[in-house]
Amino acid sequence: AAIVLPTVSLLWFMSRVVINERLVIRQKLATLYEGELKEASAQAQHQFLVRLNALNSTDWLQNPNGLLRRLVLEEHFQGVLIWSSDGPPAFPSAGGPSASNVLSDEQLNAAWQLEFVEQDMEAAAERYAQLAASGDPRSAAGQIRCLAKLERWDAAFAAAIANADPSSASTRLLLLTQLKEAGMMEEHPLTTSLVEQLAADLFKPGAEFLPSTQNLLVARRFLETLQGTELDAVEGFSASLKQLIAAESLSLTARDVVSVADYPVDQIRRINSGAERLYAVRHSTPLNEILILMDDEGLMSALSGYRDALADAEVQFRVFDVQGRLIGGDAGEGIDTIVSAPLPTGSPEGHIELFFENGDMFNKAAGRQITVYIWTGAMVILVILLVGIFAGQAVGRQIRLNKMKNNFIATVSHELKTPLASMRLLVDTLLEKRVRDEAHAEEYLNMIARENERLTRVIENFLSFSRMERNRNAFTMLPTAPADIVEDAVESICTKYKANGCKLEMDLAHELPEITVDSDALVTVLINLLDNACKYTGTDKQIRLSLTVENEEVCFAVSDNGIGLTRRQIRKIFNHFYQVDSSLARSSEGCGLGLSIVWFIVNAHKGRIDVESRPGEGSTFSVHLPRND
Ligand code: ADP
């Protein structure tokens, strides 16, 4: 509960924070960009009016193609109509060819006879040339036809270019088609100048220009003739020609359906005719009334102020009409809108939306935040887990300690109670004078002395353990002969050995070096080892005590033929209070402190203790101590 509850609450808290963060970011961005969009709308409206007013200073009827070129090629609108007064627009004009047929059929008859009946091209060309001065397009065309058949191209060029007036554009176009048919178009050196002249005739800026219907006719055929030739590939030439053709033809169509009076000044309105979506804006200059036609692209051009205003912002925009159809702007399908606003006054009904260029910034920002929260959460959960593990271990340790304490108290009471009880019994017997003779009395007293000795050993062990625990066991290190230590230890244990029927074999090396040790402590070590050897051996107790010198060390080894130990038990026997058989009902006395005292003393002497043992095969405990130099 201590781990799960905080973890779950933390996760819940994190999820709430993430949701709130998302909302806060969205709100902040919306407020931030709302103002920016307002300013951009004002700028877009202003910029468009400036563009319209820039048209004021010119009389466009003196240069209608100039206006068409400017509006279509530079400003990306789709057409224009110009009025000088009420009534039908002056541009585009729906009139017929400007150069009229001035010659009568009779005057041309002789030339036709020569060309078509007698097929005398030379003479026919000659005859047509004489009529050319009249300016009748039919004579110029006849001359070109005859010269082309005679393959007299230079003369044909001269005839076609003789009149620079745009009205001769159709004659020049005729020569171009003749050249193409004859396969001479790309070869003849003068073709380029012919094409240039034709390009200059079409949509000609200035007061002299072809009437719209004728201009369109020539322009379309010119484009067709150019198709598939090298000239067609000239950078942007045919593309702009196509745009101009489309604009002039749209303007011509609109000419019949719109009336300038229907449109408020400088306000873009939808033209309610035709399937195509078209808009128009009327602009009144001091000299003319102009109606600019635009489709979606044109409308976006009219609103181009938005792009300039938002150029520095990280946002993009898209424009929708009143039906929610996308008119233009940046593609960003499925990307959330930050803020939207109606289009500026003077524009058709619709709205503009702002969104972030690189996908959804909200999700990105929120995603970043979520990652931070998840990492923080993960770290906190990890810390909780670590603290949990740590606390678990501490509690476990405390439980083990308590158990150990209880065991210790039970063991100590047991260890003290047994000798005390037997002593009490013996003393009572003596006091009540229930002994038969002196010999028995002495035997009883000996038994009391043995129990006393056992008690003393137990208490001594407790005391040294307690001292050891407090680290107050100050050892008195003195150079000592190892054999003396062995002697003292054997002397103190011999009574017990005799009483228990232990056979002790001694193997002491000669000429042993002295060692600097606390001899009392080392005697305790040996007594403990010898005591254990006796305790943990069956009825036939064969114990061997050896004293040897190995390398630079003096080695005391106690071997027995007792119950032995497993590897696992060997690893634990030096722990405080560890007993292989810890039940109170066990046969041998002791409280699991002997070996930990041994280990402590040996360590304090910078020695080491080795155990070799196998269950059922006896054990050997060897204490290695560094010898004196
Ligand atoms: P104890 O007072 O119980 O003898 P020790 O620390 O001296 O405590 O010994 C720890 C345990 O190691 C003993 O309980 C015993 O099970 C085991 N042990 C010690 N010496 C021997 C030995 N020579 N043979 C087999 N087991 C032994």
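Residues numbered from 1 in each chain as written. Predicted model: local features only at pLDDT ≥ 70, side-chain atom pairs only at ≥ 80, totals over all residues. Heavy atoms only, no water.

Quick notes on the sheet that holds strand β1 (residues 79-83)
- Spatially, 4 strands are ordered β1-β4-β3-β2 in an open sheet, and the strand pairing comes out antiparallel. The sheet is open, and its two edges are formed by β1 and β2 (268-271), each paired on a single side. Averaged over neighbouring strand pairs, the angle between their axes works out to 25° when direction is ignored.
- Note that β2 and strand β3 (residues 278-284) share 4 bridges and pair antiparallel. Pairing of Ile271 across the sheet is with Leu278, part of β3.
- Relative to the sheet, helix α1 (residues 4-53) contacts β2, β3 and β4 (289-294), its axis offset from that of β3 by approximately 60°.
- In the packing of helix α10 (residues 237-257) onto the sheet, the strands contacted are β1, β3 and β4, and the crossing angle to β1 comes to about 50°. (Pairing = 2+ DSSP bridges. Helix = DSSP H or I, 4+ residues; strand = E, 2+ residues; numbered from the N terminus. Axes fitted to C-alpha atoms, helices over the stretch in contact; angles between N-to-C directions. Contact = heavy atoms within 4.5 Å.)

Some words on the nonpolar core
- Counting residues in hydrophobic clusters, the biggest one holds 82 residues, and the most contacted among them are Tyr33, Leu175, Phe222, Ile292, Met294 and Tyr306.
- Ranked by residues supplied to this core, first place goes to α1 with 8 residues.
- Counting residues in hydrophobic clusters, the runner-up holds 47 residues, among them Phe462, Met468, Leu593 and Val602. (Core = buried A, V, L, I, M, F, W, Y, C linked by side-chain atoms within 4.5 Å. Buried < 20%, exposed > 50% of the residue type's maximum accessible area, 1.4 Å probe, protein only.)

Focus: the sheet that holds strand β12 (residues 541-550)
- The 5 strands are arranged β10-β12-β13-β15-β14 in an open sheet whose pairing can be described as mixed. With partners counted over all chains shown, the strands left at the sheet margins are β10 (502-508) and β14 (608-613), one partner each. Taken pair by pair, the neighbouring strands of this sheet meet at an average axis angle of 15°, ignoring direction.
- Alignment of β10 against β12, held across 7 bridges, turns out to be parallel. The residue bridging Leu504 from the neighbouring strand is Ile543, located in β12.
- Relative to strand β13 (residues 553-560), helix α16 (residues 519-535) is tilted by about 25°, and along the sheet it contacts β10, β12, β13 and β15 (619-626).

Observations concerning the site of the ligand
- Taken together, 19 residues are adjacent to the ligand, and Asn532, Tyr536, Asp560, Gln579 and Leu595 come closest.
- For the ligand, a nitrogen atom lies 2.9 Å from a polar atom in the side chain of Asp560.
- Residue Val580 places a main-chain N or O atom 3.4 Å away from an oxygen atom belonging to the ligand.
- Surface burial for the ligand is 97%, taken as the share of its 530 Å² of free accessible area covered by protein chains.
- Secondary-structure elements contributing two or more residues to the shell around the ligand are α16, α18 (594-604) and β15. (Near = heavy atom within 4 Å. Polar contact = N/O pair within 3.5 Å; in protein donor to acceptor, adjacent residues only side chain to side chain. Areas by Shrake-Rupley, 256 points an atom, 1.4 Å probe, with all protein chains shown as cover.)

Details of the pairing of β15
- With 6 of 8 residues buried, β15 is to be regarded as a mostly interior element.
- As paired strands, β13 and β15 are joined by 7 bridges and run antiparallel to one another. Across the sheet, the residue bridging to Ser559 is Thr620, located in β15.
- The pairing of β14 with β15 spans 6 bridges and is classified as antiparallel. From the neighbouring strand, Asp610 faces β15, where its bridge partner is Ser622.
- Hairpin remark: β14 followed by β15, antiparallel, with 5 residues in the connecting loop; positive phi at Gly616, about 80°.

Examining α18
- Residues of α18 that are buried: Gly594, Leu595, Ser596, Ile597, Val598, Ile601 and Val602.
- Lys606 sits one or two residues past α18 and shows a positive phi near 60°.

A word on the packing of helix α6 (residues 153-161) against helix α7 (residues 169-181)
- Packing of α6 against α7 leaves a shortest axis separation of 9 Å and a crossing angle of 155°. Overall, the two elements α6 and α7 adopt an arrangement that is roughly antiparallel. Considering only the axes of α6 and α7, their crossing is left-handed. Facing Trp153, Ala156, Phe157, Ala160 and Ile161 of α6, the residues of α7 in contact are Arg172, Leu175, Gln178 and Leu179.
- Classifying every residue of the contact of α6 with α7 by side-chain character gives 7 nonpolar, 1 polar and 1 charged. (Parallel < 35°, antiparallel > 145°, perpendicular 65-115°, else oblique. Left-handed = near helix turned anticlockwise from the far one by under 90°. Nonpolar A, V, L, I, M, F, W, Y, C, P; charged D, E, K, R; others polar.)

A few points about the state of the cysteines
- All told, the structure shown has 0 disulfides when counted by the stated rule.
- For Cys494, which is in no disulfide, the shortest distance to another cysteine sulfur is to Cys502 and amounts to 11 Å.
- Distance from the sulfur of Cys534, which forms no disulfide, to the nearest cysteine sulfur (Cys502) is 3.1 Å. (Disulfide = S-S within 2.5 Å.)

Observations concerning α6
- Buried within α6 are the following residues: Trp153, Ala156, Phe157 and Ala160. Projected down its long axis, α6 carries its buried residues within an arc of 100°, all on one side. Away from the buried face of α6 by more than 90 degrees, exposed residues Asp154 and Ala158 are located.
- Looking at the buried residues of α6, the elements they touch are α5 (137-149), α7 and α8 (191-201). (Arc of directions from axis to C-beta.)

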